Amino acid sequence: MKQLLKNKFISVLLICAVVAIISYLYINRQQQEDKRTIVTIAVRQDDNVQNFDTNYYTKWLEDQTGYDIRFEYISEGYEKEYLYAMLNSERGRIDAVFLPEEESLLTEEEFSNYAGEGLLYDMKECMTEDCHFTALLEQYDSISMREKLSEDGSFYYIPNMDTTRKNRNMQVMWINMGWLKELGLKLPETPEELCTVLLAFRGSDPNGNGLSDELPLISCESSYELQSYNFILNAYIYNDPLHGRLYVDENGNLTSAVTEPAFREGLRVCANMYAQGLLTEECNHYSKRQLMELVNSPLDCVGAFTSQSIADMIYPNCPDILARFIQIPPLTGATGEQNAVYCDYEPSVGGYIPANSAHPREAFEIMDLMLSEEAALVASFGEENEDWKFSESGDLSTYSSQAMITTLQYITDTVQNKHYAGAGPLVLSAEHANGVTWNGNNSLVEYLDARAVRSYEGCYYEDRELFTSEERLTYVQEAIDASEQTDKGISQFIFGERDITSDEEWADFQNEVNPSE
Amino acid sequence: MNKEWNMISRKGIMILCMMLMIGLTGCADNGPDSRRVKEMEQWVQTANLSGTESAEELYQAALEEDTLVIYSVSSRVFDVKDTFEKEYPGLTVEVKDIRGDDIVNKLLDNYEKGEFCCDLVICSDCDGRLNKELLEPGILYPYIPWDIAPQMKEGHADRELVFVGEALMFFYNEGVFDKQPISNIWELTEEQYKNRIIMANPLSSFSTYGFCTAVLSESDKIAEAYEEYSGDALVIPEGKTAGEIFWEQAVKNIVFTNSSDEVMEGIGSAGGGGYWIGIMISSKMRYQELGYHFAPIYRLNPLSTVYTPNTVTIAGGSKNVNAAKLFVRYLLGETDGTGEGIVPFRTEGTWSVRMDIPDANSVPLSEIDCIPINEEYLYENMDTMSEFWKELLKENVTP
C-alpha cells in the first residue's frame, strides 16, 4: 500500500512538473510574441491569394525577420484616394505599401509628386553595402538601374521587375488561326500579305455569324506594345518607340527614324489599312481591360492584335481562346527590313514606405529581404519541395534551355496561399525566371510567350547597345522626352487626321519633331 | 503491490495491442486501394461499356449529366468540342490540353485520391504506360461503339480504341532544301548538321520517346544502314547497341525543345531559327496550309517513321459516362463515318482507322519506311531507356 502511494505521488509530481514546464514555455513565447514589432503593410486584395496574413510567404518573412507582419487591404475602387489619405494620415498606421505586379495603382508622375512633397520615406538611410537592394543596383547595369530607381540620389521604392525573356521583347503580333483556317489563308510574312489577310478577314465573315462584326486588326493607344501599327512600321525601318524612334544610319550616327522616307512609306501603308477598315480605330481609346474583354468575347470578332504577352489580352484560364491565336514572326519589308524591339528591364514600384511610418527601418528590412534570391523563389513559385524544386540537369525550360526550376504544383494564376501573386518587391534572377520547366499544358501562357519570343529574338536590332551606352544616354533620353509630339503625329497620319501623301504636311511634321533641322 | 502494478500494466499493454490489431485489420479491409477497386467494379457495372445504345439514347441520358471533362494531348479536340456542342445542344465540354506523360501522372494521382474529375482521355501510348499503368489496372476503360466496331481496321479496336493514326517522323525545311536532303539516317551524324536538327525532349514528349526507343529497338537495321552509308561494318563496343551509338552521335547535332509545335516553328516558320531537319508528330503537317514550309521524309534507310496511334478511352469513375460515350462516337464520325467530329483529324499527316473512310494523308503507310510502335518492348525497357536519355540530355541540352 505504501509503495502504491509512493508510486502515485511520484506520478503526480511528474505530471505537475510537465504542466509547469509547458506553462513556462507557453507564457515565455507569448511574452516574446508580444514584444515582436508589428509591421503593418497595405496591399490590394487579390483573388488568387487566399489570405495575406496566413500566407506561407508571410510566415517565411516573419521567421526570417522576427517581425509580426499584418496586412491592411487597400479599398477597391478607391485605391488612389486610399493611398493619398494614408500618406497624410496620423503617424504609424501603415508602415509599407505593396503594389500589385504589372498594374500600377500610381502613375510615375503621382509617385514623383509624393516624393517631392516629402510624403515618402527615403530608403537611402537604411541602405548598407551588403543589403540586397544595393546588390541589385550593382547587378543590373549599374548606371541605368541606379538612374531608374533613384530620384536625385534618393530611393523611394523597392522595385518589382519581370526578368523573363518575354519581357525583353516589346510586342508580338497574334493572329486568329481559326479565321486563317476557315478562309484557307497563310500566315502573313510581309506587310502586303498582312493586308491581303486582313481584307479577307473583313469581307468573308470568318466567324460565321452572318454579321459584318469582324475587327481585322485592333490597336490601342494606351501603350506602345498595343499599338499594332508599330509592328507594321518595323518592316520598313527600325521603329523603336521606347528609345525615341532612333536608329543608326549608314554613317554610324544615331538618327531619328521618323524623318526617313522608309518611315513615311510605312505610315502610308498603315494609313491605307485604316482607310480600308482593316486597322480599326474604335478601340484606340479603350483601356487595356476593355480591349481584353473584346478579345475574350465569345463572339470571336478579333482577327489580330499586338501585345507583349498573350496574357495581356487573353485570360490565362481560357484555353480555347488561347488556342485560337498564334504568333506571327516580325514581317519582312520589301527592302528586307525585319525588326523586333528589344526592351530594357523596366522596374515598377513593388513597395514603398510612407514618411509617416512608425517602423520604417523594419519595413525596409522586410522589403530588402524580399529582394533576396531565396525570397524571390518563394514569391514566384511557393514552397520549395512542395510547389517546386531545383531541376535536374537535362530538364528543359519553357525557352528550351537548361531548366533551373521544376514546378511540382503549378500555382501561377491559380488561387493559392503560398505567395502574393507577384505583388510587392520582387526581382527574380533572369536565370531562374527563364529556367522554369513547362508543365505540359499547351495553353500555359508562359509557354506560349516563350514560343513567340523566340521567333522575335533573332530580329532584335543589332546596334541596340548604343541606346544604353553612357556616351549616348543623354541624347537618347532627350529623344524619348520629345516623343510625345512624334507619337501624336504618327497617330494623326495613320488615323486620317493628317494626310501622309501630302509633302507639305509631311514637312510640317518633320519640323515639329525635329525643329533644329 | 508491485505485482499488482505490473499486472495492471501488462493488461493495459495487451488491451492496447488488441485494439491496435483490430484497428489495423479494419484499416486493411477498408484501405483506399480495395475501396477503390470496389468503387470501380460498381462503376463498370453501371457504365455498361458494352451497351448498344443509339446516339439519341446517349444524348438524352447525357442531358442529365454535368460538363464532360476531357484530358487531351491534341488541341484539335477544341474544334471537335465546338461542333459537338452545336450538334448536341445542352451538352458542354471542357478540354484540358496536356502532355501524354502528365495525363498518365494526373490520372494516377486522381485515382489515388478518389477524385474522378476526368471523363475521357485522348492520348497516344508511346511508352506502354497508358496500357500497363492505366488500362490493365482498370483506371481507364476502352469503349468501342457496337455499331462502329465492324468498320475498324485490324489492331485499332482491341485493348484500346484508336481513333486516328499518326506517326513520329523526320521532316526537312523546304525553305532551305528543294528536295529531301538525306537518304540514310546516319547522315544526321555529320558535322554539317551540328545544331541544325531539332526535336522534342524524349523524356517529356510521349511520341518522341516512342520514336527514339523504336530506333533503339531496331539496332540490327541501324547497323546495316551504317554499313550501307559508310561501306564499313559498324564497330559496336561490348555492352552497346547500334541504336545507342547512333543516338550518341546524332544527339551532338540536335537542339532539344519541349514539343512538336516548337519543332514545326523551328523548321517551318520565318522566325523559327532555320533548322534543317526536325523530328515531330506527323499531324503538324496540317500547318502547311498556314504557310509553314516543311516537308515529310517518307523514305529513309532504315526508317523514317514510327507509327503512333492516338487512342480514346473512358476514365474509370466518370460521372458523365453517357456524354463520354456520345463524344467517342462523334470523334469516330458516328456510325456511317460522315459525322463532323472526325473532320479535324482528317488532315495531311493522319491515317484513317476505319475501313470505310480513306486516309487523309496523300501517301499511304505502305509506301513509307515506317515501323509500328512496340509497346511491350517500350514498357519493359522503360527504366534503361530513360537512364540512357537522361545521360545524353545532361550533356546536350542548350545551357
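Residues numbered from 1 in each chain as written. Chains lettered and ligands numbered in written order. Predicted model: local features only at pLDDT ≥ 70, side-chain atom pairs only at ≥ 80, totals over all residues.

Within chain A one finds 20 helices and 16 strands. With the C-alpha coordinates aligned to their principal axes, the bounding extent of chain A is approximately 115 × 50 × 45 Å. Looking at chain A as a whole, 44% of its 517 residues qualify as buried. Pairs at least 24 apart in sequence give 77% of the contacts found in chain A among residues at least 6 apart. (Helix = DSSP H or I, 4+ residues; strand = E, 2+ residues; numbered from the N terminus. Buried ≥ 20, exposed ≤ 12 C-beta atoms within 10 Å, placed from the backbone. Contact = placed C-beta atoms within 7 Å.)

A count of helices and strands for chain B gives 13 helices and 13 strands. For chain B, the C-alpha atoms occupy an extent of roughly 95 × 65 × 40 Å along the three principal directions. Every one of the 399 residues in chain B was classed for burial, and the buried ones make up 48%. Across chain B, contacts joining residues at least 24 apart in sequence account for 79% of those joining residues at least 6 apart.

All names here are of chain B. The domains assigned to chain B are domain 1 (49–165 + 309–363) and domain 2 (167–307 + 369–396). Taken over C-alpha atoms, the centre of domain 1 sits 29 Å from the centre of domain 2. If you look at the interface, domain 1 gives 18 residues, while domain 2 gives 19 residues. Going through the elements one at a time, helix H5 (100–113) and helix H6 (129–135) are the ones with two or more residues in the side of domain 1 that touches domain 2. Looking at which element gives the most residues to the side of domain 1 that touches domain 2, the answer is H6, with three residues. Among the residues making up the side of domain 1 that touches domain 2, the classes are represented as three nonpolar, eight polar and seven charged. (Domains from an automatic or database assignment. Nonpolar A, V, L, I, M, F, W, Y, C, P; charged D, E, K, R; others polar.)

A word on helix H20 (residues 503–513) of chain A. Residues and elements named next belong to chain A. Those residues of H20 not exposed but buried are Trp506, Phe509 and Val513. Down the axis of H20, the smallest arc covering the buried residues is 60 degrees, so these residues share one side. Every exposed residue of H20 that faces more than 90 degrees away from the buried side is listed here: Asp503, Glu504, Ala507 and Asn511. The inward-facing, buried residues of H20 contact strand E10 (254–256), helix H10 (261–275) and helix H19 (483–494). (Arc of directions from axis to C-beta.)

All names here are of chain B. Relative to the helices and strands, Glu376 is located in helix H12 (residues 375–380). Since 11 C-beta atoms lie within 10 Å of it, Glu376 is described here as exposed. Separated by 278 residues in sequence, Glu376 and Ile98 place their C-alpha atoms 24 Å apart.

Once that is clear, we can look at the interface of chain A and chain B. Residue-level contacts link 32 residues of chain A with 32 residues of chain B. Contributions of two or more residues to the side of chain A that touches chain B are made by helix H1 (2–35), helix H12 (319–322) and helix H16 (445–457) of chain A. A breakdown of the residues in the side of chain A that touches chain B according to their chemical character gives twelve nonpolar, 16 polar and four charged.

Next up on the list: the pairing of strand E12 (residues 310–315) of chain B. Two faces, one strand: in a regular strand the side chains alternate between the faces of the sheet. Residue and element names in this part refer to chain B. With six of its six residues buried, E12 lies for the most part within the structure. Both strand E3 (residues 120–124) and E12 contribute to a ladder of five bridges, which runs antiparallel. Each residue of the ladder has a partner; that of Leu120, found in E12, is Ile314. In this structure, strand E4 (residues 140–141) lies alongside E12, joined through two bridges in antiparallel fashion. Among the inter-strand pairings, Tyr141 is bridged to a residue of E12, identified as Ile314. With three bridges joining them, strand E5 (residues 161–164) and E12 adopt antiparallel strand pairing. Bridging from a neighbouring strand, Leu161 pairs with Val312 of E12. (Pairing = 2+ DSSP bridges.)

Right, let's get into the sheet that holds strand E7 (residues 172–176) of chain A. Residue and element names in this part refer to chain A. Spatial strand order, E8-E11-E7-E12: four strands in an open sheet with mixed pairing. Edge positions in the open sheet fall to strand E8 (215–217) and strand E12 (325–328), since each of these has one partner strand only. Across the sheet, the mean angle from the axis of one strand to that of its neighbour is 30 degrees, orientation sign disregarded. Here two bridges tie E8 to strand E11 (residues 302–307), and the two strands are oriented parallel to one another. Looking at the pairing, Leu215 lines up with Val302 of E11. (Axes fitted to C-alpha atoms, helices over the stretch in contact; angles between N-to-C directions.)

On to the sheet that holds strand E6 (residues 157–161) of chain A. Residues and elements named next belong to chain A. The strand order across the open sheet built from six strands is E2-E1-E3-E13-E6-E16, with neighbouring strands paired in mixed fashion. Strands at the two margins of the open sheet, each flanked by one partner only, are strand E2 (68–73) and strand E16 (426–427). Two strands pair when backbone bridges link them, and strand E3 (residues 96–98) and strand E13 (residues 348–352) are joined in this way by two bridges, in the antiparallel orientation. Among the inter-strand pairings, Phe98 is bridged to a residue of E13, identified as Gly351.

Turning our attention to the pairing of strand E2 (residues 93–97) of chain B. Residue and element names in this part refer to chain B. Judged by which residues are buried, E2 turns out to be one-sided: Val93, Val95 and Asp97 face inward and are buried, whereas Glu94 and Lys96, on the alternate face, are not. Across five bridges, strand E1 (residues 68–72) lies against E2 in parallel orientation. Counterpart to Val69 in the pairing with E2 is Glu94. Of the crossover connections in this fold, the one passing from E1 over helix H4 (residues 77–87) to the parallel E2 is right-handed. (Right-handed = clockwise from strand over helix to strand, strands pointing away.)

This part is about the domain arrangement of chain A. Looking at the assigned domains, one finds that chain A contains domain 1 (36–161 + 348–381) and domain 2 (170–341 + 444–513). A straight line from the C-alpha centre of domain 1 of chain A to that of domain 2 of chain A covers 35 Å.

A separate point is the nonpolar core. By size, the foremost hydrophobic cluster in this structure holds 134 residues, and its most contacted members are Cys270 of chain A together with Leu107, Leu120, Val121 and Phe327 of chain B. Leave out the neighbours within four places in its chain, and Cys270 of chain A touches Tyr229, Ile232, Leu233, Leu279 and Ile494 of chain A. In this structure, Tyr172, Val251, Ile254 and Phe256 of chain B belong to the second largest nonpolar core, which totals 117 residues. (Core = buried A, V, L, I, M, F, W, Y, C linked by C-beta atoms within 7 Å.)

A few words now on the confidence of the model for chain B. All names here are of chain B. Chain-level statistics for chain B give a pLDDT mean of 89 and a share of 92% at 70 or above. Under a pLDDT of 50 for its full length, residues 20–30 has, in the predicted model, one contact with residues more than four places off or in other chains. For this predicted complex, the interface score ipTM comes out at 0.84, alongside a pTM of 0.85. (pLDDT = per-residue confidence, 0-100.)

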